Amino acid sequence: LKHIRDTDGEVPIPVFMVSSEDSPELRIVSISTGADDFLTKPINLPDAAMKVQQALERYRYRKQIVELTKKLERDRANLKRYFADDLVEKILNGEITTELGGVMVPATILFFDVRGSTTIAERLGATAYAELINTVFADLMDIIFGNGGSVNELLGDGILATFGAPKPSPNDATNAIKSAVAIDKHMRMLNDLRCESGQFPLGFGMGIASGTVFAGNIGSVRMMKFAVMGDPVNLAARLQELTKTQPYAIIIDENTHKGCPPDIVCDRIGVTRVRGKTKSVALYGISKVEHKKPAAFTV
């Protein structure tokens, strides 16, 4: 019995002890060592058949539980690629719906983009470029998740991250800014290492905007995805584009600026009209960009 239990698989198989001897001590030793039940000779066939049937039912239930547990762990692992740990638990606990539809919530949106991706991909080749992006994004996603954000989309050479969708918090703007500053620091350190090893630096920019967005599942019963839509999403994308012409790696709107931590310097860029918006927007820049590049680099 001990050998059987020590070498059992994930689901213990039903085992019956059958003996012509019977005593309380023998029963206790048999059950405690791993037997499902104890049958005495001569065997009562109807009674034995009922006990075997019950044991097989328990075996099937155990197999189902093991399979469901594995599926739950796979689902949890997959969800954690897109959402922070606390959001994953809320989804699995049914606190966040997985049905079509969503809610309007206050949130902060962060767009990150790698500059010159077409040229880089052409220079490195598709496989090497994909490996580079995967390595970079793995670190950036850890930063985003570590600050309470979720990765809504990977856009080839960019990341769309959300803070507060679908569950808002008072610190969403602050967390988004902290993530952006940490990403900026990480990318600069990465570029220093790349330059030291004779590789070209990676240009990048980030835009952050805050406001009310739709957060929920769109698509159909056949295929759906979690999405955020609304003016802050579009504005964050526009602000990310502005970093291409402004001397800042991070540009945020006024709503986000209200959550700027006191230890982070935000320079007021001014009030301007952003493409796609009718109203002017007050913008702030974080982290000055050094435009000088080593002469040997062509990207």
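The structure under discussion appears in the preceding block.
Here we summarise the structure given alongside this text. (Residues numbered from 1 in each chain as written. Predicted model: local features only at pLDDT ≥ 70, side-chain atom pairs only at ≥ 80, totals over all residues. Heavy atoms only, no water.)

1. Overview of the overall build of the protein chain
Now for step 1: Within the protein chain, the regular secondary structure consists of 9 helices and 10 strands.
Now for step 2: Every one of the 299 residues in the protein chain was classed for burial, and the buried ones make up 39%.
Now for step 3: For the protein chain, long-range pairs separated by at least 24 residues make up 62% of all intrachain contacts whose partners lie at least 6 apart in sequence. (Helix = DSSP H or I, 4+ residues; strand = E, 2+ residues; numbered from the N terminus. Buried < 20%, exposed > 50% of the residue type's maximum accessible area, 1.4 Å probe, protein only. Contact = heavy atoms within 4.5 Å.)

2. Considering helix H8 (residues 231–242)
Now for step 1: Along its 12 residues, H8 runs 16 Å from first to last C-alpha, staying within 8% of the 16 Å computed at 1.5 Å per residue.
Now for step 2: Turning to H8, its buried residues are Pro232, Val233, Leu235, Ala236, Ala237, Leu239 and Gln240. (Expected span 1.5 Å × (residues − 1).)

3. Overview of the side chain of asparagine 175
Now for step 1: On the secondary structure map, asparagine 175 appears in helix H7 (residues 172–196).
Now for step 2: Once you skip the residues sitting within four places of it in the chain, asparagine 175 turns out to touch Asn147 and Phe163.

4. A word on unusual backbone geometry
Now for step 1: Look at the link from lysine 41 to proline 42: it is a cis peptide, with omega at -5°.
Now for step 2: For proline 42, the location among the structural elements is in the loop between strand E2 (37–40) and helix H3 (45–79).

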